[in-house]
Amino acid sequence: MAENAIDTIRLLVVSREPAVLRPLWSIGESNSWHLETAGSGWEAMERVQSGSTPDLLLLDLPRGDADSLHILRWLRRLRPELPVILIAYPEDASREKEAIRLGAQDYLVRPIDDQQLERVIRRHLFSTHQNQDADITSEDVEQLSAEAFFVGASPVMRKLRAQAELLAEANVPVMILGESGSGKDTVAHLIHKLSVRSGFPFVKVNCAALPGDLLESELFGYEHDASNGSPRTKPGRFELCDKGTILLDEISEMPAELQAKLIQILQTKQFSRPGSHAMVDVDVRIIAAVTACDERAAFERRLREDLYYRLSAFTVQVPPLRHRRDEIPLLLQHFMHHLAKHYNLQPRAFSASVLDACQVHSWPGNLKELEGFVKRYLVMGDKALALSQHSPDAETHEPGSFDRAGDPPFPGNEASPTRSNGGSLKSLVQSVKLEAERNAIAAALDKTGWNRKAAARLLKVSYRTLLYKIEQYHMHASDAAPFAGGNGLKGNGNGHGRNGRVS
């Protein structure tokens, strides 16, 4: 709705006090706005619920009246798009955070200047309508849950969705491959939603986040005798998502003894809890995710050979964001509106220069990096700061282009940064830092025989950080010098999972 729209703008004021109503009547008359009043929050809620929804609601909070504030929770459920402005006494100013959390767009404290009140109303009234007009209605965005969504705007992702539809019809294990942050869990969620199991739980477990003993109790629960002699039982994730789908993220980090237990579930749909010999029946679809770009890399990530063959019969590869650049503008808009609602902020528009910079950036962190960029852009509103890592100077070379001698440059790079004939001083310094970081990681991995947990301890970084850096620099165990007692499985790699493989 534009400011000069023909439709009459309706304001609903919840107040009995002339000191509040008098200036609002004057403001409404001067702007040709239709002003309605309600004596209480409950009366306002009844009007909204009956279908008589105003364009904006002003709620005057009586002194010490907590019930009026909690009306916000119900208003947000009935009309989440309705902007609400609160007016409170100075002694109730401490309730501002709670009011914003419950859904208020603004919080004004008495005494209120008439001009200030009009400015606040106009800002929320017209910016809200403009944002609604600009909101995303594309059919390419498929909402899977409150947080998860799937975007199929590019040909490669439309093909991936067709694969997910086929796999959803078959009750078979699936292995999902892709770089860190590319959306492997989203694809798993999509397969679950399209399947007959969609009415049952979808559970995700990160196998790299817990040590072996805790991971076992997390997945399979436990049973032991308490001090009073009565048995104590804790169900695991497999039991909690019975008839549903479980996503085992970073399954290659699962200890070998737990991998054997997983094979038993795939074979017999049974397992025994730690501390008990009784068998537990479970009907769960297993989807495994590995941070790897191809099947060979997944095979070398310490997976048992028999487990690998059972999981990789049906394999889906999630392309990185740099291979589906057509979706970047849509993803930027979706993240912007989603995060703006989450933080109760007004969405910011992306300028042409920002969109161009985002299109040429390689996004080594994929969707996670893109979401983080949008969050900075939304909250800070400083283009120079938000784009400091995405400027043309920083984009002269991709982070993963520091090649070993004889290796060709990675896609998107025409030369290694150390061989660059041009570029700014900033990009040159950045390239030296990145090359030093890559060399340090390579040395630690070689020293530990590609034991990534040991390498992370050696480098004094978290295990997840090291995994991200390995993917960022496109490092593979096959690049390292041969060593005895390696932790990866060795095999010819030919024909793994080809029967029935979805590609």
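Just above, that's the structure.
Attention here is on the structure that accompanies the text. (Residues numbered from 1 in each chain as written. Predicted model: local features only at pLDDT ≥ 70, side-chain atom pairs only at ≥ 80, totals over all residues. Heavy atoms only, no water.)

Re the overall build of the protein chain
And step 1. For the protein chain, the count of helices and strands is 19 helices and 16 strands.
And step 2. Within the span of the protein chain, comprising 503 residues, buried residues form 47% of the whole.
And step 3. A fraction of 71% describes how many contacts in the protein chain between residues 6 or more apart in sequence connect residues 24 or more apart.
And step 4. A total accessible area of about 24,600 Å² is found for the protein chain, and carbon and sulfur atoms account for 51% of it. (Helix = DSSP H or I, 4+ residues; strand = E, 2+ residues; numbered from the N terminus. Buried < 20%, exposed > 50% of the residue type's maximum accessible area, 1.4 Å probe, protein only. Contact = heavy atoms within 4.5 Å. Areas by Shrake-Rupley, 256 points an atom, 1.4 Å probe, with all protein chains shown as cover.)

Let's talk about the packing of aromatic side chains
And step 1. Within this structure, the stated rule accounts for seven aromatic pairs.
And step 2. When the centroid spacing of 5.4 Å and the interplanar angle of 75° are considered together, the rings of Phe149 and Phe335 count as edge-to-face. Here Phe335 lies in helix α13 (residues 328-343) and Phe149 lies in strand β7 (residues 149-151), a separation of 186 residues in the sequence. Just as Phe149 is buried, Phe335 falls in that class too.
And step 3. Ring pairing ties together the aromatic residues Phe220, Phe238 and Phe271, which thus form one cluster. (Phe/Tyr/Trp six-rings, centres within 6.5 Å; stacked < 30°, edge-to-face > 60°.)

Some thoughts on the side chain of Arg10
And step 1. Inspection of the secondary structure puts Arg10 in strand β1 (residues 10-14).
And step 2. Not counting chain neighbours up to four residues away, the residues in contact with Arg10 comprise His34, Glu36, Ser52, Thr53, Pro54, Asp55 and Leu56.

Looking at the packing of helix α8 (residues 212-220) against helix α10 (residues 256-268)
And step 1. Two elements in contact, α8 and α10, have axes separated by 11 Å at closest approach and are oriented at 20°. Regarding the angle of α8 to α10, the classification is roughly parallel. The chirality of how α8 crosses α10 is left-handed. Contacts between α8 and α10 involve Gly212, Leu215, Glu216 and Phe220 on the former and, on the latter, Leu258, Lys261 and Ile265. (Axes fitted to C-alpha atoms, helices over the stretch in contact; angles between N-to-C directions. Parallel < 35°, antiparallel > 145°, perpendicular 65-115°, else oblique. Left-handed = near helix turned anticlockwise from the far one by under 90°.)

Considering unusual backbone geometry
And step 1. For the peptide bond that leads from Arg110 to Pro111, omega is -10°, which places it in the cis range.
And step 2. Turning to its location among the elements, Pro111 is positioned in the loop between β5 (106-109) and α5 (114-134).
And step 3. For Ser32, which is not glycine, the phi dihedral falls at a positive 60°.
And step 4. The backbone of His474 shows a phi angle near 55°, a positive value even though the residue is not glycine.
And step 5. Residue placement: His474 occurs in the segment after α19 (463-472).

Regarding the sheet that holds β5
And step 1. Spatial strand order, β2-β1-β3-β4-β5: five strands in an open sheet with parallel pairing. Only two strands of the sheet have a single partner each, and these edge strands are β2 (34-38) and β5. Taking each pair of neighbouring strands and ignoring which way they run, the sheet shows an average axis angle of 20°.
And step 2. Where β1 meets strand β3 (residues 56-60), four bridges bridge the pair, whose relative direction is parallel. From the neighbouring strand, Leu11 faces β3, where its bridge partner is Leu56.
And step 3. Packed onto the sheet, helix α1 (residues 18-30) meets β1, β2, β3 and β4 (84-88) and runs at close to 165° relative to β2.
And step 4. With respect to the sheet, helix α2 (residues 41-49) is in contact with β1, β2 and β3, its orientation differing from that of β2 by roughly 125°. (Pairing = 2+ DSSP bridges.)

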